[in-house]
Structures are given as structure tokens and as C-alpha cells.
2 protein chains.
Amino acid sequence: MSPKITVELLRQLRQAMKNSKYITEPIQAYIIPSGDAHQSEYIAPCDCRREFICGFNGSAGTAIVTEQHAALWTDGRYFLQASQQMDNNWTLMKMGLKETPSQEDWLVSILPENSKVGVDPWIIAADQWKNMSKALSSAGHSLVAVQDNLIDTIWEDRPAPPSTKLITLGLKYTGLTWQDKVTALRGKMAERKISWFVVTALDEIAWLFNLRGSDIEYNPVFFAYAIIGISNIKLFVDSKRLLDPAVQEHLELDSPSKPELTIQCFPYESVYTELQAVCAALAPKEKMWICDKASCALTQVIPKSHRSVIPYTPLCLAKAVKNPTEIQAMKMAHIKDAVALCELFAWLEKEIPKGTVTEISVADKAEELRSQQRDFVGLSFPTISSVGPNGAIIHYRPLPETNRTLSLNEVYLIDSGAQYLDGTTDVTRTVHFGTPTDYEKECFTYVLKGHIAVSAAVFPNGTKGHLLDSFARAALWDSGLDYLHGTGHGVGCFLNVHEGPCGISYKTFADEPLEAGMIVSDEPGYYEDGSFGIRIENVVLVIPAKTKYNYRNRGSLTFEPLTLVPIQLKMINTDLLTQKEHDWVNDYHKKCRETIGAELERQGRKEALDWLIRETQPIIH
Amino acid sequence: MSPKITVELLRQLRQAMKNSKYITEPIQAYIIPSGDAHQSEYIAPCDCRREFICGFNGSAGTAIVTEQHAALWTDGRYFLQASQQMDNNWTLMKMGLKETPSQEDWLVSILPENSKVGVDPWIIAADQWKNMSKALSSAGHSLVAVQDNLIDTIWEDRPAPPSTKLITLGLKYTGLTWQDKVTALRGKMAERKISWFVVTALDEIAWLFNLRGSDIEYNPVFFAYAIIGISNIKLFVDSKRLLDPAVQEHLELDSPSKPELTIQCFPYESVYTELQAVCAALAPKEKMWICDKASCALTQVIPKSHRSVIPYTPLCLAKAVKNPTEIQAMKMAHIKDAVALCELFAWLEKEIPKGTVTEISVADKAEELRSQQRDFVGLSFPTISSVGPNGAIIHYRPLPETNRTLSLNEVYLIDSGAQYLDGTTDVTRTVHFGTPTDYEKECFTYVLKGHIAVSAAVFPNGTKGHLLDSFARAALWDSGLDYLHGTGHGVGCFLNVHEGPCGISYKTFADEPLEAGMIVSDEPGYYEDGSFGIRIENVVLVIPAKTKYNYRNRGSLTFEPLTLVPIQLKMINTDLLTQKEHDWVNDYHKKCRETIGAELERQGRKEALDWLIRETQPIIH
């Protein structure tokens, strides 16, 4: 991977930072956040401004350019990748390490007195704006909103914003009509005496209206805003998309069943002026909800006295707790996904000895096999297919120049997933096709112990996911090992593969408590730079747990794995497992064999079935 | 325990809330926080205003009185106690339960429009003021500072503020002179370009000057403030206390060794005006540190442009990491403390069958035995001595009307500790003098498993204590049990038994990472209302851990128990222990036998030695 050459781009950007066409006074620094106007994690090509300026294309990171310096902040998943993708005009700021300054501290340490720091107010979240602005002012600087995005001014062949066809989802997949969801939302609003709610997160809009799109690769969302009132529904979306009769009928655009369920449609761009109009008509005590992750531009339209900024919206919370229809659909998606992966592994065992299988060809094969499954829509994120040292790049994506051949001598890690109409999958398996070393097995077994510790954990109702994070690390910690990423993230139902408000991470305290019906990933790992990477990931469903006692009638929860793909026994040092862990592995493999076996049988995929039966033999303690 | 009758007091307080002698406009609510002007957890009798108004005397809780309502917020340790101590004019607000409103939400829900809420600005921390003020204003109310404390206006026989004799501590106990400490502090200030630091926490002042007092029972501190400049030291303390020649010499009041180490002494009350004077003389860019837990009154003296509010002061951090002399001293204190407890348990075994031993008499006996040890100063907190159902009151303190007799039929819990010149102790043991039930043993064993899980945990440098909290709960959670308090707190060295900035709790994310040399408690428990309480508490020292590998050279940490008192084997269901847990118990008991046995031998305490040897026999798996 060769780094992007950025000398000329930085020169142009620094000129723009002084150009009175865009700004009234020169700015001494310009912040380029990672997201789009909806603070999406994955973004459309037209929004890849941070990648454009520095070359780093990971899913998280913020670039800051000053007159003298250019620096990029990203987290442990991306240290290696970022250092390879950026040229030496850029300084990599490794977040989470003690010696790394925060963006604020770094700016304060290098800016000349009374500096102005610019940012596009549409792509910075209101809470980030607030923190940054406060830190800068207290050091005598100021944060200023630059209305023209300065990257766009130097980006000659910037792609056009997408406007893909919308997919309507029926009750069979959603369990609730969009009308039911709007009514439930209004109930929450009424409870809190809120008269309006500005919906800015793309997955919340998609979930609310039971619509999907493909504006952003891997995430079945579409560019839109919504403003929901107690008796109004305002939807802001490219009007061409509403010409589709299926969409018209789904949204009841011509014949709404009830007046308060009439959707008023507006062009996407008019959200700003329409929100201004709604705000102008507010009665003195009326309150409007907006998420603290909404853009600074939109948040500031709402007068402070009417603004109620919330960390997680009621849609985010409602979406996270899957209803029985969604749970059933997610289970079905995971069964189909496991079928494809069993086929893949059976195929790999045959093909690898030929020496022609590469990281890219496995990723392609995995996509091909998944695409044969019913209701397949696309991948849920770029497949991480990595051999040996590439496995240590946590969010590695094989490129022609990095592509390695699978062999019998190296550890292979594949982290992949798909979007089906009935659900979203995300699974990681780490395997060896020859004989793993004792050290590789030892590390794999620690990771497995951590995976099981979370998956089998029993915990009281009301527990936040971050309290489970250390369970995943204890076995690694005992041996002086660790991994620099969280343990799990929420997973959408035919929606974003990463979603809030729950997760399992040492990094946040603001997660919402886990509830039965939530779906998260469980994915501890271990990475040895230059050698190999190990990760074991299942998507798991939060379910009620039966316990011997029930302290204060709180009830307990645990997890049920939705992912049903064998964990390679060859990689396990069974001497390091407790009896309970042995039993977990055997029970898990029994469930894989029964559930996926039946589907492989039904689909007549004999080779994969043989492979599955072989790989799920019980281990003896 | 009969509740305090508060009808008349509430009537008087509500009158004061409208009395123009104290306030310009009537207030609709008055907040009575728990602390003193230094936000101490334990307080002097003159500061027990919250207890005076509502009757509840636990260490944490906030009372709010409105025209119609009176409510008290406290945490899980005190639910039972508070409900017993308060009459029915008071509503108990159980913090940590989902249905309990925050103080802010509750006020907003019940106050008439445009209400004024009053509070004494000296006893509310600046951060609490800020949060409360923000919440109230956003609902149209306001928080106002009432200079006269309204409780004091109705408290006829309020005790006078204390002014006890000061104790000077030499290098033998402290490892560093106060001059060294001031110099190190100035180094930290210079690093951050800070010219002044207002020290408000009593234990920080005591630690900095190597002085102790007894103004507050159990905490060897004295009422004082300090303002440290790069070349000034201003100490605010009752001037009578400085007449003692030992103190004069210790502080070099007559002949300072260096000009910048000259202490200027001022009366305690003049801190406000002196701070105003220092602030008036500040150069434009000068910055002053003050802790966010300092009083609102003092914080607001510092102009915002000069104010740098910090969550943990450098003194708090320096004090938390014990130096080798302090560690050695703490170990010695814990050996002496264990000697006293071994004697106590040996005595109890003989005395209980006589039927004359009560909760109070054990507490007295424990104090007597501790007082026989060298350098004993006093207790470090009120002894929790509780039989059967009283054990479920987490911070129970036996009173004549609740006093129960120890018997062969009930579980007995004793949580006690002392102040010695060389250190502070805090230990809980739960024992049964007859035959515990299977259920009692089962619960005890889960608690023990949690205790061991923390004590034996290995974790990377930089880990915050809250990440270890779930280890203490996992065994309980598995069976549907839990406890509603944190797992550990920092412990001072001949200082407060509770100190920041580290701890082990699910409740905070703002703790500082654990470092070698820090000392915390490890005290999981289980409480069955109306039946029994179980807690196993050791004070443990953070030490470097040797691990097989060393990921990214971060290094690992673990704990070494300082408390060396046997854990009753009779209470353990050994079938529930893993081999590793068995080994931990045997290793721990071996260390108790060797270390405490030698001291018992030296002190010629034969009966206690026999008891110790009997109680530390290895268990066989």
C-alpha cells in the first residue's frame, strides 16, 4: 500500500483557509471530521473528505490542518493502516495512548495567539462543536463555522450525492407498520411534553418509515431528514425517489389513513429553512428534541429555550430492542449466512493446497456464496480477509497491492457479513489450514475464553454493556496480553452493522443498559503486529436468563448466539479451557450442527454438510 | 431505632425560607447537602445539618425541603437505615433504582413556575451547583445562594466548630518532608503554567504539611485551607493551633529554610478575602487551579478567565500513590490491626456461648484490643458490628435500641478499622460461631469468589478500577444475586479511610487509572434484607505483576493484600471453588499465619496464636 501524496492538496487547502471568497478572516486551522451531515459512520463517496485530504480511508478519524502541521487522530483498530496510507506530511495521532494529545490540547499547544479554527458546521456534531469551542475559547482561540466546505472547493472530481431506489419493507420483516412506529414515538414525546422531534440519523429514518435505500455502500439507508410533530410528519428526501408507486403506496402519500399520519414531503435541502419555519411558529413553552450527535448547523437553528438535546433518541432505543418478528428474521438471516460460510470453509480446504487462493479471491467467493442465499441484498461492510501479518491490521481490507495468498503455514482471519432483507450479519472466524504453532493456539484460546466469558455471562437487568467488557479480556490480561478495540457493538436488523445505543466497550460510560431483544456483537481479539491477527466474533441476542435466585426481583439476562458457524477446534489448546468452557464449545457446535445442518440438507449442499459435521465433533475434557 | 420527629423543625425551616432576614425573596425549596465547606464525607458535629433536619445520619445523602414536600436522596448502602431514621414527613429517594427521579427532575416536577431554590454556597460543590443550576434554569427556575445557612438559624444548640491539637509527622512516617511535597507540587504547577492552587480538601492539606488533627471523628484532619503559589504558601487555620512549639518548628514558622518555603499564616475565616486579594493581583494570563469539588462560594471568587477547574488535584494524585515509606508503614499498621482482630475472634469463640456478647460489646472489645497496639490513634470509622438481620443494613452502627446478642445461630459481620500513626486500616469479616446454613455458605462463597477475582486480577497498566468491578460480581450474578454498593475505595495512609481518585465501582467512569503504590479496598458483599449480611473486605496494594508476555510493553498490575486476617473456612462451600481459588485461599492463609503469627509470638499473645494456626489450616481440593 503506498501512501497518498498530499503536498499539493495541502497547499491548496491552506490557500483556501486564507481565501476571502470562503471566509471573512483567515483561519489558522481547519478541522475535517470523518462523517457526513448525518454523522454516519460509513459514508457516501461524495462525503469522503477526510480520505481525500490525507489518504486514510478507515471508518473513524479526524484530520486537522494548520498552517504548519497536518495531523490525523484515529483509534487502535487503524494505527497500522493509517500509517501506511498517509505520506509524511501527516502526523498520526494514536488515540487511547497516554502520550497522545487530544485534538483540543494539540491545537492549543501549537496555535499562535487568538487563532481561528474553522469547521463545516454540517459535518460536526453539536456536542463535538461545543467541546471543541469551549476548549479553544478558554485558551483564547475561537471555533468558527465555515459555510463552504473547504475540501469541496479543492476537490475537482468530487462525486455527486447519491439518490438510489427505495425499498419498502412489509410487516413480515418489520413486525410494525411505520404508522405504528410514529404513533409509539408520539407517545414517548407526549410523555416528556415534547412537541417536535428532528430526526437526523439515517438509520432512524429508514427504521421509522420501514424504507431502505443504498445511498451508502453496506448500509441500507438513504439521505433524508424527518421532523415529526404531534400531528405532523415532514419528510425531507429527493422528490424523484417518491415517484415510485410502491413507495407512494407504502407511505400513503395519496390517501393517508388518518390526518395525523399524512406525510408532507419536502426536498432534502429544504430541511434548514423548514426547520426555521417550524421554530418560528413554536409556542413559548414548546420543546423540540434533537440528538446531540446531530449537526451543529441544524441544532443551532433551534432556539436554546426550545431545544432539548438528548444523547439517544427514542427511535434509537426502540430500534435497538428488536421485536419478535425482527428477531425471527435476524435468526433466519444468520442461518443463511452460516450456510454460505460453511460452504466457503469447505471450499477453502480443497482449494488452498493448490496455492491459488488469495485474500481477495476468498472475499469474492464469500460474496458469491452469500449472494446465492434468498433475499441477499449486499455486504454489510467491506470483507476483512487477511493472511498472516495482514491479520494484525484490525480493519484490513485486501487491495491488489497487499493481497496475500492463503497457505498451510499462516493464520487466516475473515470478518465478513451481509445484508439480507430479513437481517444483517457480522461474523469473524480465525482458522489455520495447516498446523498452528503452540503460541498461535495459546493466543486463540485466550480469545476464545474471552468470547465465551461474554457470551455465557449472566447479569442483572439494567446492566450496561461496558460492565461486561473486562470479562472478554481477563484471560488475555492474565498472560499480559490485550486488544485495543471494544468488545462489541449493536447490530441493526437489515440496517447498519454498527448501531447504538448499546455496546460492550471499556471506552464509554454513556451506553444504555442492555435489554432483552437487543442484538450486539461479541468479538474479542489478539493482534501481533507483523505476525498474525485473531478475532472470534458472533452476533448475540440478549435474552432473559434463568437463575437459581432472583435478587430484588430484578431478573437476569444473558446472550444467545445468532451466529452459528463452527469455531475451529484445531486452533484450541483444550488444556487451557475450564469444564464450563468445554461444555460451551460442545453445546455451541451441537446447535450449529443441528440448525445449519438442517438448512444445508434442505439446500442440498452435501460437501458443506460433511464439513460442518466434521468440524462440530464434541471435544473431550 | 425510632425515627426523628421533624414536624416542628420543618415548620421552622419553611418559615426561614420566607424570612426576609435571610433572603431577599422567598425560596420555594432549600437544599441541604451532606458535606461541610470542604466537601468532607465524614463531618464534624457542627456540620451535621442534614442529620439535624431529617434524622438520617449515614455518610451520604442530600435533603431537599419544599413548601409541601421533604425528600432525602441516598444510595443502596443506606436504604434500610434511612427508612428507619426518618419520620413520615420525609420521602426516601432510593438512588440507583430506575424509578427514582434525580433531585433535579424531582424539583422540576413539583415546583410552581419560576421558583427559587436556595442552597448554602459554602457546602455545595461548584460542579454540583453548576449541574443543579443548569437543570433548574432550563425549566424556568433558578438556584440562589443563601449566605446564612438556614439550618443554622433554627439549630439552637449547634455545637461549636472544633479546633483540636495538631500532630506533626516525621520522615519516618511520611517519607517526604512537607517542603519536598510543596516543591514537587510547584513542579506540577509549572508544567501546566499554573501560578496558584487553592487547596480545599482537608486530607490534601494534612498530607501536604505532614500534619494531622482530630477535628472530624475518625478522619485525622483539621479545618484549614491553603493557597499555594509558585513562591508563596498561605495557610488558613485557627491561629491558636500554631502556638504549639512542635508545630512552629515543624512548619519552620520562625526560621524558614528558604524564602519560597515560608508559610504565611492567616485565620481560617479569612480565606475568602485573602483569595479575593490574590485574584485582584493576578496578571492577565495567570491561571489558578481549584478542584471541581471545592465549594461554590470559593470557586466563584476566582474570575472565570483565571480559573482552571480540575477533577483531581495533583495533591490528590500524589497522595494516592504511596511512597515506599508509606507502604512499609501501612503494612506495619495492618499487622498490628490483624493481631487485634485475631485476639478478638479468639475471645469471641470463648465468650459467645455465655450469651452475654452483644454487637456493642464486640465493637468496644475490638477498640480496646486495637488501642493496645503501638501508635494507635483511634478508629477509622464507626465499627459496623451486626448480627443476623442487622448485617443487611450495609452501614449499620449498633445502638442501644438495636443492639443484638451474638449467638451460635446467626451470621455475624464486623467491618472495622483504625488509625495508627503509621497507617489506616479497614477490614470486614463475616463469621458464624455455630453451623451456618447451606444457603449462608453458598452466598458467602460467591462473595469470596468475587473477592478473590478482584484480588488476584491481573490487568494492564493504565486500567481504571471501574473495569474490575464486574469481576467481583460475576459469581453472584451467575446465581441471580448482586450487591448495591461499589467494590472498593481508595484508603489513605493515616488519613481518610475513603479517598480518591481511584476505586473499584460500577458507578463512576471518572476514576483515575490504578498505579503501583495505590491502596484500595476489595469488599464485595451480599445482603438479604431481614436475614443476614455478608461482606469480605481486605485493603490491597497495587503492585506490578509478572506476566508470561508483555503486550506493547505496557506492563501489568495486580494486588497484594495488606489485610492479613483469616477468612472463616467454615463459611466456605469448597465445592464451589476452582483450583485457583483454593490455592488463593491457602496462600493467603499461609501468609496470615507466617506474618501475623510472628507478631503474635513477639507480643506473647498465645491464645490468639493458637486460634490463628487453627483458622489457617490449608483446605484440600
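Residues numbered from 1 in each chain as written. Chains lettered and ligands numbered in written order. Predicted model: local features only at pLDDT ≥ 70, side-chain atom pairs only at ≥ 80, totals over all residues. Heavy atoms only, no water.

### Section: the overall build of chain A
Moving on, step 1. Within chain A, the regular secondary structure consists of 19 helices and 28 strands.
Moving on, step 2. Relative to a compact globule of 621 residues, whose C-alpha radius of gyration would be 25 Å, chain A shows 25 Å and is just as compact.
Moving on, step 3. The principal-axis extents of the C-alpha atoms in chain A amount to approximately 70 × 60 × 50 Å.
Moving on, step 4. The buried share of chain A, reckoned over its 621 residues, is 60%.
Moving on, step 5. Pairs at least 24 residues apart make up 71% of the contacts formed inside chain A by residues separated by at least 6 positions.
Moving on, step 6. For chain A, the accessible area works out to roughly 23700 Å², and carbon and sulfur atoms hold 52% of it.
Moving on, step 7. In chain A, which carries 62 positive and 76 negative side-chain charges, the distance between the mean positions of the two groups comes to 5 Å. (Helix = DSSP H or I, 4+ residues; strand = E, 2+ residues; numbered from the N terminus. Rg over C-alpha atoms; globule rule 2.2 N^0.38 Å. Buried < 20%, exposed > 50% of the residue type's maximum accessible area, 1.4 Å probe, protein only. Contact = heavy atoms within 4.5 Å. Areas by Shrake-Rupley, 256 points an atom, 1.4 Å probe, with all protein chains shown as cover. Lys, Arg positive; Asp, Glu negative; His and termini not counted. Charge placed at Lys NZ, Arg CZ, Asp CG, Glu CD.)

### Re the environment of Q579(B)
All names here are of chain B.
Moving on, step 1. Its location among the elements puts Q579 in helix α18 (residues 579-603).
Moving on, step 2. With a relative accessible area of 40%, Q579 lands in the partly exposed category.
Moving on, step 3. Taking the C-alpha atoms as reference points, Q579 and M93, 486 residues apart in sequence, are found 43 Å from one another.

### Re the sheet that holds strand β14 (residues 307-310) of chain A
Residues and elements named next belong to chain A.
Moving on, step 1. Taken in spatial order, the 6 strands line up as β12-β11-β10-β8-β13-β14 in an open sheet, and their pairing is mixed. Single-partner strands in this sheet number two, and they are β12 (263-266) and β14. Taken pair by pair, the neighbouring strands of this sheet meet at an average axis angle of 20°, ignoring direction.
Moving on, step 2. Examined bridge by bridge, strand β8 (residues 196-199) and strand β13 (residues 288-291) share 3 bridges and lie parallel to one another. Note on β13: the bridge partner recorded for V198 is I290. (Pairing = 2+ DSSP bridges. Axes fitted to C-alpha atoms, helices over the stretch in contact; angles between N-to-C directions.)

### Digging into the UniProt feature "domain: Peptidase M24 C-terminal" (unreviewed entry) in chain A
Moving on, step 1. Under the UniProt annotation, the feature "domain: Peptidase M24 C-terminal" (unreviewed entry) is placed at residues 557-619 of chain A.
Moving on, step 2. Note that residues 557-619 of chain A is 54% helix and 8% strand, and that its end C-alpha atoms are spaced 28 Å apart. (UniProt positions renumbered as here; feature names shortened; annotations may be inferred.)

### Some remarks on the sheet that holds strand β6 (residues 142-145) of chain A
Residue and element names in this part refer to chain A.
Moving on, step 1. Taking strand neighbours across the sheet as the criterion, the 6 strands line up as β4-β3-β2-β1-β5-β6 in an open arrangement whose pairing is mixed. If you trace the sheet from one side to the other, it starts and ends with β4 (91-94) and β6, each paired once. Here the average twist between neighbouring strands, direction ignored, is 25°.
Moving on, step 2. Where strand β1 (residues 29-32) lies against strand β5 (residues 116-119), 3 bridges are found, and the strand directions are parallel.

### Side note on the pairing of strand β25 (residues 525-528) of chain B
Along a regular strand, successive side chains alternate from one face of the sheet to the other.
Moving on, step 1. Inspection of the sheet shows β25(B) paired to strand β26 (residues 532-535) of chain B by 4 bridges, in the antiparallel sense. Counted as the bridge partner of G525(B) is R535(B) from β26(B).

### Looking at the UniProt feature "domain: Creatinase N-terminal" (unreviewed entry) in chain A
Moving on, step 1. Feature annotation in UniProt places "domain: Creatinase N-terminal" (unreviewed entry) on residues 11-147 of chain A, given in this structure's numbering.
Moving on, step 2. The span residues 11-147 of chain A is 29% helical and 19% strand by assignment, and the distance between its end C-alpha atoms comes to 20 Å.

### Things to note about the interface of chain A and chain B
Moving on, step 1. Opposite the 41 residues of chain A that make contact, chain B presents 41 residues.
Moving on, step 2. When the area that chain A buries against chain B is broken down by residue, the three leading residues are W477(A), Y549(A) and Y551(A), summing to 20%.
Moving on, step 3. Connecting chain A to chain B are 8 salt bridges.
Moving on, step 4. D529(A) is paired through a salt bridge with R552(B); the nearest N and O atoms lie 3.4 Å apart.
Moving on, step 5. Those elements giving two or more residues to the side of chain A that touches chain B turn out to be α5 (126-138), α16 (438-455), β21 (459-460), α17 (469-478) and β25 (525-528) of chain A.
Moving on, step 6. If one sorts the elements of the side of chain A that touches chain B by residue count, α17(A) sits on top with 5 residues.
Moving on, step 7. For the side of chain A that touches chain B, a count of residues per class yields 18 nonpolar, 9 polar and 14 charged. (Buried area = accessible area lost by both parts, 1.4 Å probe. Salt bridge = Lys/Arg side-chain N within 4 Å of Asp/Glu carboxyl O. Nonpolar A, V, L, I, M, F, W, Y, C, P; charged D, E, K, R; others polar.)

### Concerning the pattern of salt bridges
Moving on, step 1. For the structure shown, the criterion picks out 76 salt bridges over all chains.
Moving on, step 2. Through salt bridges that share partners, D47(A), R49(A), D152(A) and R158(A) make up one connected network.

### Comments concerning a positive patch on the surface
Moving on, step 1. Together, K130(A), K134(A), K304(A), K130(B), K134(B) and K304(B) make up a positively charged patch on the protein surface.
Moving on, step 2. Relative to the assigned elements, K134(A) resides in helix α5. (Patch = residues over 30% accessible without salt bridge, like charges linked within 9 Å, V, L, I, M, F, W, Y side chains within 5 Å.)

### Details of the relation of the copies chain A and chain B
Moving on, step 1. Once chain A has been moved 0.0 Å along the axis and rotated by 180°, it coincides with chain B to within an RMSD of 0.0 Å. The symmetry that links the two subunits is that of a two-fold axis. Judged by C-alpha distance, F509(A) is the residue of chain A that lies nearest the rotation axis, at 3.2 Å.
Moving on, step 2. A share of 100% of interface residues in chain A that are also interface residues in chain B marks the association as one of identical surfaces. (Least-squares fit on C-alpha atoms with pLDDT ≥ 70 in both.)

### A short note on the packing of α16(A) against helix α18 (residues 579-602) of chain A
Residues and elements named next belong to chain A.
Moving on, step 1. The interhelical angle for the contact between α16 and α18, taken along N-to-C directions, is 80°, at an axis separation of 11 Å. Between α16 and α18, the crossing angle belongs to the class labelled roughly perpendicular. In this structure, α16 uses L448, K449, H451, I452 and S455 to contact α18, whose residues at the interface are E581, W584 and V585.
Moving on, step 2. For the contact of α16 with α18, the per-class residue count stands at 4 nonpolar, 2 polar and 2 charged. (Parallel < 35°, antiparallel > 145°, perpendicular 65-115°, else oblique.)

### Observations concerning the packing of helix α4 (residues 103-110) of chain B against helix α5 (residues 126-137) of chain B
Each packed pair of helices is defined by two parameters, the angle between the axes and the distance between the axes.
Residue and element names in this part refer to chain B.
Moving on, step 1. It is the contact of α4 with α5, at a shortest axis distance of 10 Å, that shows an interaxial angle of 30°. Considering their axes alone, α4 and α5 lie roughly parallel with respect to each other. The interaxial crossing formed by α4 with α5 has right-handed handedness. Facing α4, whose interface residues are Q103, E104, L107 and V108, α5 presents N131, M132, A135 and L136. (Left-handed = near helix turned anticlockwise from the far one by under 90°.)

### Some points on the packing of aromatic side chains
Moving on, step 1. Applying the stated criterion across every chain yields a total of 39 aromatic pairs over all chains.
Moving on, step 2. Taken together, a centroid distance of 5.9 Å and an interplanar angle of 55° make the contact between W122(B) and Y272(B) tilted. Of this pair, W122(B) sits in the loop between β5 (116-119) and α5 while Y272(B) sits in helix α11 (residues 271-280), placing them 150 residues apart in sequence.
Moving on, step 3. Measuring from centroid to centroid gives 6.2 Å for F223(B) and Y268(B), while their planes differ by 65°, and the two rings are edge-to-face. Of this pair, F223(B) sits in the loop between β9 (211-212) and β10 (225-229) while Y268(B) sits in the loop between β12 (263-266) and α11, placing them 45 residues apart in sequence. This pair shows no difference in class: F223(B) is buried, exactly as Y268(B) is.
Moving on, step 4. Connected via pairs of aromatic rings, a cluster forms that spans Y439(A), Y526(A), F532(A), Y549(B) and Y551(B).
Moving on, step 5. Taking NZ or CZ as reference, K181(A) lies 3.9 Å from the ring centre of W207(A), over its face.
Moving on, step 6. Geometry around Y312(B) places K293(B) over its ring, the cationic atom sitting 4.9 Å from the centre. (Phe/Tyr/Trp six-rings, centres within 6.5 Å; stacked < 30°, edge-to-face > 60°. Lys NZ or Arg CZ within 6 Å of the ring centre and 35° of its normal.)

### Digging into the domain arrangement of chain A
Residues and elements named next belong to chain A.
Moving on, step 1. Domain annotation for chain A reports domain 1 (6-153), domain 2 (167-319) and domain 3 (321-615).
Moving on, step 2. A C-alpha centroid distance of 34 Å is found between domain 2 and domain 3.
Moving on, step 3. Counting residues at the interface gives 21 residues for domain 2 and 25 residues for domain 3.
Moving on, step 4. Interface area for domain 2 against domain 3, summed over the two sides, is near 1900 Å², with a carbon-plus-sulfur share of 56%.
Moving on, step 5. When the buried surface of domain 2 facing domain 3 is broken down by residue, Y173, Y218 and Y312 rank first, second and third, together holding 36% of it.
Moving on, step 6. The tally of links between domain 2 and domain 3 comes to 1 salt bridge.
Moving on, step 7. A salt bridge links E499 to K319; its shortest N-O distance comes to 3.1 Å. (Domains from an automatic or database assignment.)

### Things to note about the nonpolar core
Moving on, step 1. Counting residues in each nonpolar core, the largest one holds 156 residues, and the members touching the most others are L348(A), F559(A), L348(B) and F559(B).
Moving on, step 2. The residues touching L348(A), leaving out its near neighbours within four places in the chain, are P353(A), V357(A), V362(A), L406(A), Y412(A) and F433(A). (Core = buried A, V, L, I, M, F, W, Y, C linked by side-chain atoms within 4.5 Å.)

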